[in-house]
Amino acid sequence: MNVLINDNAKTLPDNATLADAIALIEAKPPFAAAVNRQFVPRSNYASHVLHPDDSIEVIRPVTGG
């Protein structure tokens, strides 16, 4: 299935989870994730099943001031 991860088109197998998408881009903690602009708690990454055309955002915190 086709999804967007941080505005980049990616292909994942059917029934892929948010954890699969994060592994695909090799995201390193710390980060937060949202699917279709809805925050997903880290404890739900492995159970959150993705759907075709979902938009996934993996966001790293910005520090400084």
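Within any chain, residue numbers begin from 1 and follow the written order of that chain's sequence. Predicted model: local features are reported for residues with pLDDT of at least 70 only, side-chain atom pairs are reported and counted for 80 or more only, and whole-chain, interface and lining totals are derived from all residues. As a convention, hydrogens and water are excluded, and side-chain values are obtained from all of the structure's heavy atoms.

**Q** What should I look at first to understand the sheet that holds strand β4 (residues 38–40) in this one?
**A** Two modes of strand pairing occur in sheets, parallel and antiparallel, and in both the strands are linked by backbone hydrogen bonds. Between any two strands, at least two bridges found by DSSP are needed for them to pair. Strands here are runs of E lasting at least two residues and helices are runs of H or I lasting at least four, both read from the DSSP assignment and numbered beginning at the N terminus. With mixed pairing, five strands are arranged side by side in an open sheet as β2-β1-β5-β3-β4. If you trace the sheet from one side to the other, it starts and ends with β2 (8–11) and β4, each paired once. Taken pair by pair, the neighbouring strands of this sheet meet at an average axis angle of 35°, ignoring direction. In this sheet, β4 lies alongside strand β3 (residues 32–35) in antiparallel orientation, the contact comprising three bridges. Each residue of the ladder has a partner; that of alanine 34, found in β4, is phenylalanine 39. Axes, fitted as lines to C-alpha atoms, cover a helix only where it is in contact. Angles between the N-to-C directions of the axes lie from 0 to 180 degrees.

**Q** So what exactly am I meant to see when it comes to the side chain of aspartate 54 here?
**A** Mapped onto the secondary structure, aspartate 54 falls in the loop between β4 and β5 (55–59). Categorising residues by exposure relies on relative accessible area from a 1.4 Å probe, with only protein chains included: less than 20% of the type maximum marks a residue as buried, more than 50% marks it as exposed, and the intermediate range marks it as partly exposed. Only four residue types enter the tally: Lys and Arg on the positive side, Asp and Glu on the negative side; His and the chain ends are excluded. Between Lys or Arg on one side and Asp or Glu on the other, a salt bridge is scored when a side-chain nitrogen of the former is within 4 Å of a carboxyl oxygen of the latter. Arginine 37 is the oppositely charged side chain nearest to the buried, salt-bridge-free aspartate 54, at an N-O distance of 12 Å. Among the polar contacts listed, one links the side chain of aspartate 54 to the side chain of asparagine 36, at a separation of 2.9 Å. Should any heavy atoms of two residues lie within 4.5 Å, those residues are considered in contact. Those residues in contact with aspartate 54 that sit more than four places away from it in its chain are Asn2, Val3, Leu4, Val35 and Asn36. Side-chain atoms alone can form a polar contact between residues adjacent in sequence; in general such a contact is a pair of N or O atoms within 3.5 Å, and within protein one must be able to donate a hydrogen while the other accepts it.

**Q** How should unusual backbone geometry be read in this particular structure?
**A** In most cases, non-glycine residues show a negative phi, while peptide bonds are predominantly trans. With an omega of 5°, the peptide bond running from proline 29 to proline 30 counts as cis. Summarising the element assignment, proline 30 is placed in the loop between α1 (18–24) and β3. Here the phi dihedral of asparagine 6 falls at roughly 50°; this positive angle occurs in a residue that is not glycine. By secondary structure assignment, the location of asparagine 6 is in the loop between β1 (2–5) and β2. Backbone geometry at glutamate 26 places phi at a positive 55°, although glycine is not the residue there. Tracing the backbone shows glutamate 26 in the loop between α1 and β3. Overall, glutamate 26 belongs to the exposed group, its relative accessible area being 60%.

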